[in-house]
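These are the residues of each chain, in order.
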Amino acid sequence: MTSAPGPVDQPQPTPGAVDPWPDAQPVASTPTVTADPAAGAPAGAAGAGPAGWPTSPPGGYPAPEPDRLTRFVLRLYERSPRWAVPLAAVGCVAAGMSYALLSNPTHADPDAAPTCLLKLTTGLDCPGCGGTRALWYVLHGDLPAAARHHFLFVFALPFLAYLFVAWAGNQAFGWRLPELRISSKVIGGFLAAWLAFSVLRNLPWAPFTSLYV
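These figures come from a predicted structure and were not determined experimentally.

Visitor: Give a detailed account of the overall build of the protein, specifying residues and quantitative values.
Guide: What the protein contains, in helices and strands, is seven helices and two strands. For the protein, the N- to C-terminal ordering of α and β elements is β-β-α-α-α-α-α-α-α. Classification of the 213 residues of the protein by burial places 13% in the buried group. Contacts in the protein between residues far apart in sequence, at least 24 positions, make up 49% of those at least 6 positions apart. Carbon and sulfur atoms form 68% of the exposed surface of the protein, whose accessible area is close to 16800 Å².

Take a look at the structure:
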């Protein structure tokens, strides 16, 4: 068995001899890689397919089709005037105020419906106990009595009212009121104060007993 001639076995040109093929170039042993302009990378590069193939799979999943109720709500929202949503929100707020005025929670029995399940079963004030009575006193202009029943509700009420007016005015009339920026730290501090208030108002020692409603 004979082996293929290697570089050492190739015949060497004789000194002074004329090359019969002067324009011939040596054949490269490595394959050439042609650039694929459509793919933006060589056709033989790693990770790229043949010419015309996408270099990456299509991203994302198709969005699911909305159901009938969602389509109905979206069509109703698109066709309704811009003041319809703020008006509905004002109606909800007005309904809550009307309930507080008509029910007069300051003279209602502790077990009158609707009642607080936590207070009815344990006798403890929940974080929202006294809020309806505080609203009743606010609507009658008695802020000290409202703060006595739920101090944090009275404290937060001006901020909530401003946020509501700014949102409703922008939605209905295009008002550009100064934006009230409330950071996550402020919200976390308010929730921590609310939790502390909910615990302190149930302590059976003075002066915390004055917070019990």
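Visitor: So what's going on with a positive patch on the surface? Which residues, and what values?
Guide: Taken together, Arg 68, Arg 71, Arg 75 and Arg 79 make up a surface patch of like positive charges. Relative to the assigned elements, Arg 75 resides in helix α1 (residues 68–79). In this structure Arg 75 comes out as partly exposed when scored by relative accessible area, which is 39%.

Visitor: Break down the side chain of His 149 for me, citing the residues and quoting the values.
Guide: Assignment of secondary structure puts His 149 in helix α5 (residues 143–149). In this structure His 149 comes out as buried when scored by relative accessible area, which is 14%. In this structure, His 149 is in contact with Cys 129, Gly 130, Arg 133, Ala 134, Tyr 137, Arg 201 and Val 213, ignoring residues within four places of it in sequence.

Visitor: Quick rundown of the state of the cysteines? Include the residues and the values.
Guide: For the structure on display, the rule yields zero disulfides. Unpaired in this structure, Cys 116 has its nearest cysteine sulfur neighbour in Cys 126, at a distance of 3.5 Å. In this model Cys 126 remains outside any disulfide bridge; the closest cysteine sulfur is found in Cys 129, 3.3 Å from its own. Judged by relative accessible area, Cys 126 falls into the buried class, the value being 16%.

Visitor: So what's going on with the nonpolar core? Which residues, and what values?
Guide: Core analysis: the biggest nonpolar cluster contains six residues, these being Ala 134, Trp 136, Tyr 137, Ala 145, Ala 146 and Val 154. Put simply, the parts of the chain that give this core at least two residues each are α4 (131–139) and α5. Of all the elements, α4 adds the most residues to this core, at three residues. Each residue touching Tyr 137, except ones within four places of it in the same chain, is listed here: Thr 106, Asp 142, Ala 145, Ala 146 and His 149.

Definitions and limits used
Residues numbered from 1 in each chain as written. Predicted model: local features only at pLDDT ≥ 70, side-chain atom pairs only at ≥ 80, totals over all residues. Heavy atoms only, no water. Helix = DSSP H or I, 4+ residues; strand = E, 2+ residues; numbered from the N terminus. Buried < 20%, exposed > 50% of the residue type's maximum accessible area, 1.4 Å probe, protein only. Contact = heavy atoms within 4.5 Å. Areas by Shrake-Rupley, 256 points an atom, 1.4 Å probe, with all protein chains shown as cover. Patch = residues over 30% accessible without salt bridge, like charges linked within 9 Å, V, L, I, M, F, W, Y side chains within 5 Å. Salt bridge = Lys/Arg side-chain N within 4 Å of Asp/Glu carboxyl O. Lys, Arg positive; Asp, Glu negative; His and termini not counted. Charge placed at Lys NZ, Arg CZ, Asp CG, Glu CD. Disulfide = S-S within 2.5 Å. Core = buried A, V, L, I, M, F, W, Y, C linked by side-chain atoms within 4.5 Å.

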